[in-house]
Structures are given as structure tokens and as C-alpha cells.
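So the chains spell out like this:
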Amino acid sequence: MKKSPILQTDVLILGGGLTGLSVAFHLEQAGHTDYLLIEKNNFFGGLGASHEKDGFIFDYSGHLLHLRDPYALTLVRRLLGKNLAKIKREAFIYFDGKRVPFPFQANLWALPAKVQKECLDGALKAAQSACTKPKDFEQWCRCAFGEGIYKHFMRPYNQKLWQTHPRQMTCDWCGPFVPKPDISQIRQSVRQQTRTPMGYNHHFYYPKQGGCGALAQALACRVPNTWLQATVQKIDFKKKEATINGKKILFKRLVNTLPLKELVRITVTPPSVQQAARLLKHTTVHVLNFAINRRIEPWHWIYFPQDQVPFYRVGVQSSFSTHNAPPDTTSFYVETSEKITDFQASQKAIFQDLIQKGIIKKQDKILLSFWQSIPVAYAIYNKDRASATHKILHWLSKNQCFCAGRYGLWEYSFMERSLLQGREIAEKLL
């Protein structure tokens with residue numbers, strides 16, 4: 001619901017995704033109600049929202065809760081109550097016509113003998129070499145896993161995902177996101193499937209009903225000072241004034257969760273800050289959502305590193321919760337970072353690929369299909385990112401602007417971090 005805007009506020013929060021909602025929620029919980037959260041859509045959640053279509057619930061591709069921090073887990077349980085399930089990951093890599101369990105680098109037993117030897121030899125050689133400060137993501141992969149694993153999975157998959165060669169990226173983002181087994185685990189994985197859970201997402205949480213967006217809705221109903229369908233056109237820190245839907249709103253402090261490039265575009269800033277923003281790069285992701293008329297054996301997602309396959313990941317939306325799809329049906333999402341000029345032709349090609357790879361069958365009936373586009377999907381960790389974001393964020397902080405979230409900080413992140421950053425910003429404001 002739209003609400004009439006107040007004309008001035010202590011804290012103006014840009015963006016009603018999880019980060020912005022978390023800031024507002026924690027301010028509200030502390031009794032600080034002099035804030036206004038604005039959101040351009042007519043719903044809360046941003047890319048963490050969910051939408052119902054013909055009885056199916058779809059997220060913006062796979063959005064899962066990876067909760068490791070005790071406070072974040074307590075908060076989510078408090079917000080969702082019994083509407084929360086803990087799920088063991090069932091993820092694979094499509095390789096040589098088979099499904100190799102994820103992560104690739106810890107499941108060499110499932111690879112063809114020649115590839116297996118290449119990967120193990122490369123890993124053993126890498127383990128014997130000294131490489132303490134890799135200069136880029138390509139070198140980090142080769143140091144961590146060796147030439148074979150880099151060649152067969154890390155290079156092709158990440159180049160598809162980021163639309164950037166690993167040599168042109170830093171390794172600043174890798175830490176929690178790329179499972180890094182030691183050499184003994186890699187060696188052991190030649191003989192048997194790894195039993196050690198690996199990766200930050202080996203278990204995850206997901207709402208039983210309402211899709212991932214149930215979390216945003218639970219936060220939003222506790223945050224009264226909001227304005228939906230509100231687009232910010234201009235920010236002037238000198239005047240402490242924001243132009244929103246043509247109206248002037250005065251603020252003392254500002255919290256930004258919008259994409260950093262977008263904030264700079266609408267803000268009166270020095271030329272050096274504008275120049276830094278032009279150095280920030282990102283991917284655009286297109287998601288094909290569809291459903292078929294039968295229930296498949298459940299799994300969660302499959303990675304596709306092959307250069308000739310247009311998509312990099314396929315997920316089963318209905319495997320996260322049976323409430324995401326009607327009985328005896330299955331819903332999927334297919335993600336691609338490639339440029340698409342003809343969505344109809346691309347959809348046809350994707351369905352042919354999915355049939356050829358055994359994901360769906362030729363006789364399956366497509367119950368519905370539609371595209372979602374995410375214009376700003378992944379902030380690319382190119383070699384300009386660190387210095388550019390530092391320059392922009394430093395200038396903004398001097399003007400009482402607090403940036404947070406995946407896009408506000410221009411980082412690769414996940415939903416737990418959004419919740420925690422929202423809390424941290426609220427504490428600074430208080």
C-alpha cells in the first residue's frame with residue numbers, strides 16, 4: 001500500500017529489500033521511529049521477493065537462507081516461526097553427460113579417468129608450489145586447485161557466470177563462496193565421494209510457505225514508516241534533500257541500499273566520484289521460469305560449465321518447498337548471463353538443451369513459462385572495483401550516507417549478510 005510521504009525525516013532509507021528492511025526494523029525495535037523507507041516497486045523484498053503465478057511461487061532464481069551467525073538465525077526464527085525448514089543441499093555439476101556431486105574439486109571419483117588424472121596431477125603439483133599472494137582469480141584457482149580443475153570447471157563456469165575472464169578478476173570475493181578442500185581431501189575424493197560437508201550452502205533454510213519472500217514480508221509488517229512506488233530522482237547532500245516522485249524530502253542522514261552506480265548517477269557528486277562509478281561493472285542475468293505437469297525426483301540445482309551451453313545453472317524451485325508448486329507438478333528456473341535479443345528463440349533453444357540433457361522429457365507439458373530479467377545481478381570484481389568503491393564510499397560517508405547490502409557496497413553477498421548489515425547500520429545511526 002502507498003503511504004503519504006512525510007516532508008522531512010531523520011533517516012531516509014533507499015530501498016525496501018532485506019537490507020533496507022533490516023535497518024528500519026532494528027531502528028523500530030530500538031524505539032527510533034523517525035525514519036522513512038522508500039521502495040520503487042509496489043512490493044517489498046527487492047530481489048528477495050517472491051511472486052505467485054497460476055498457483056506457483058517463484059523467487060528471483062534461487063534465493064536461499066544461509067544462516068551461520070547465531071543472531072541472524074535467531075532473528076529469522078523469530079520472524080518466521082514454524083514457517084522455516086532446514087534443508088540439505090542436493091547440487092551437481094553436469095559433466096560428460098553425467099551429474100557430478102558439488103563441489104567438483106572434492107568429487108573427482110565421478111569424473112572420467114583421463115579428466116580425473118589430469119585434475120589430481122594438477123592439484124598435487126599446485127600443493128607443492130608456493131603461492132601466497134595470487135595476483136588475480138585465475139592464479140588463485142590454479143594455486144588452490146591446480147591446472148586440471150581450473151581447466152575443466154573453475155575457468156569455464158566462472159567465465160559464464162561473471163562474463164569476465166578469471167584473469168581480469170581479483171580473488172577478493174572467493175573466501176566463503178568457493179569450497180577449498182585440502183590436498184588430502186582432493187586425493188581421497190578420487191576413491192570415494194566426500195563425506196565432509198563443503199561450502200557455505202551445504203545446508204540452507206527456506207520458508208515452508210510463501211517462497212523466499214516470506215522473510216521480507218515478515219520484516220515489512222513490522223516496519224510502518226514506508227512509501228511504496230516511490231522513485232528517487234535526485235539526492236543533494238549539501239541541501240540534505242531528496243527528490244522522490246517529484247516531491248522534496250528533507251533528511252539528516254541517508255542509508256543507501258540501491259546499486260552504488262545508480263546512487264552516484266542521481267547524486268550531486270564531484271567529477272572524481274562520477275569517474276569512479278564508471279569503473280564499476282556488473283552482469284545482467286535473465287531467468288527463465290517454467291513448470292511441467294509431473295513431479296520429478298527432487299534435487300536443488302545443477303551447474304553447467306560447458307561453453308556451448310547458454311545457461312550456467314538450472315534449479316528446481318519446487319524442491320525448496322512443496323508449497324511452491326501444485327501437486328504432481330515441478331517448477332524450474334534457468335539462469336543465463338548471456339545477452340538475449342530474441343527471448344522466444346532463446347526459450348526454445350533452452351528447452352531443447354534441457355531435454356537433451358535429461359532435465360525434462362520431450363513429452364512433458366509446459367504448464368507456464370516466463371522470463372525475469374535482473375539488470376544489475378552480480379557486481380564484477382574487476383581490478384578497478386576496490387579502489388573505485390573505496391573512493392565512492394569514502395565521499396558518501398563524509399556526507400552522512402551509510403551504504404549497505406549487496407548493491408550498496410557493490411559486493412558478492414548473501415541474505416544473512418544483508419540482515420546483519422542492516423542491524424550494524426541501525427546501531428551506528430542510534
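Residues numbered from 1 in each chain as written. Predicted model: local features only at pLDDT ≥ 70, side-chain atom pairs only at ≥ 80, totals over all residues. Heavy atoms only, no water.

## Some details on the pattern of salt bridges
Pairing is possible between side chains that carry opposite charge, provided their charged atoms lie close to one another.
Part 1 of the reasoning: Applying the stated criterion across every chain, the model contains 14 salt bridges.
Part 2 of the reasoning: A salt bridge links Asp 307 to Arg 155, with the nearest nitrogen and oxygen atoms 3.3 Å apart. Placement of the pair is Asp 307 in the loop between strand S14 (301-303) and strand S15 (313-316) and Arg 155 in helix H5 (residues 147-162), with a sequence separation of 152 residues.
Part 3 of the reasoning: Given the relative accessible area of 19%, Arg 155 is considered buried.
Part 4 of the reasoning: Overlapping salt bridges bring together Glu 138, Arg 142, Glu 147 and Arg 167 as one network. (Salt bridge = Lys/Arg side-chain N within 4 Å of Asp/Glu carboxyl O. Helix = DSSP H or I, 4+ residues; strand = E, 2+ residues; numbered from the N terminus. Buried < 20%, exposed > 50% of the residue type's maximum accessible area, 1.4 Å probe, protein only.)

## Some details on the sheet that holds strand S16 (residues 330-336)
Part 1 of the reasoning: On the basis of which strands lie adjacent, the open sheet formed by seven strands has the order S7-S6-S14-S15-S16-S13-S17 and mixed pairing. This sheet does not close on itself; its edge strands, each paired only once, are strand S7 (98-101) and strand S17 (366-374). On average, each strand axis in the sheet is inclined to that of its neighbour by 25°, with strand direction left out of account.
Part 2 of the reasoning: Bridging between S14 and S15 involves three bridges; their strand directions are antiparallel. Pairing of Trp 301 across the sheet is with Gly 315, part of S15.
Part 3 of the reasoning: Packing of helix H11 (residues 343-356) onto the sheet brings it into contact with strand S13 (285-292), S15, S16 and S17, and relative to S17 it is tilted by some 120°. (Pairing = 2+ DSSP bridges. Axes fitted to C-alpha atoms, helices over the stretch in contact; angles between N-to-C directions. Contact = heavy atoms within 4.5 Å.)

## Section: the packing of aromatic side chains
Here the distance between the centres and the angle between the planes together describe a pair of aromatic rings.
Part 1 of the reasoning: Counted by the stated rule, this structure contains 29 aromatic pairs.
Part 2 of the reasoning: Taking the centre distance of 5.3 Å and the plane angle of 15° together, the rings of Phe 104 and Phe 153 count as stacked. Here Phe 153 lies in helix H5 and Phe 104 lies in the loop between S7 and helix H3 (113-128), a separation of 49 residues in the sequence. Summarising the burial analysis for this pair, Phe 104 and Phe 153 share the class buried.
Part 3 of the reasoning: When the ring centre of Phe 370 is taken as reference, the NZ or CZ atom of Lys 53 above it lies at 5.3 Å.
Part 4 of the reasoning: A cation over an aromatic ring shows up here: Arg 423 above the ring of Tyr 71, its NZ or CZ 3.8 Å from the ring centre. (Phe/Tyr/Trp six-rings, centres within 6.5 Å; stacked < 30°, edge-to-face > 60°. Lys NZ or Arg CZ within 6 Å of the ring centre and 35° of its normal.)

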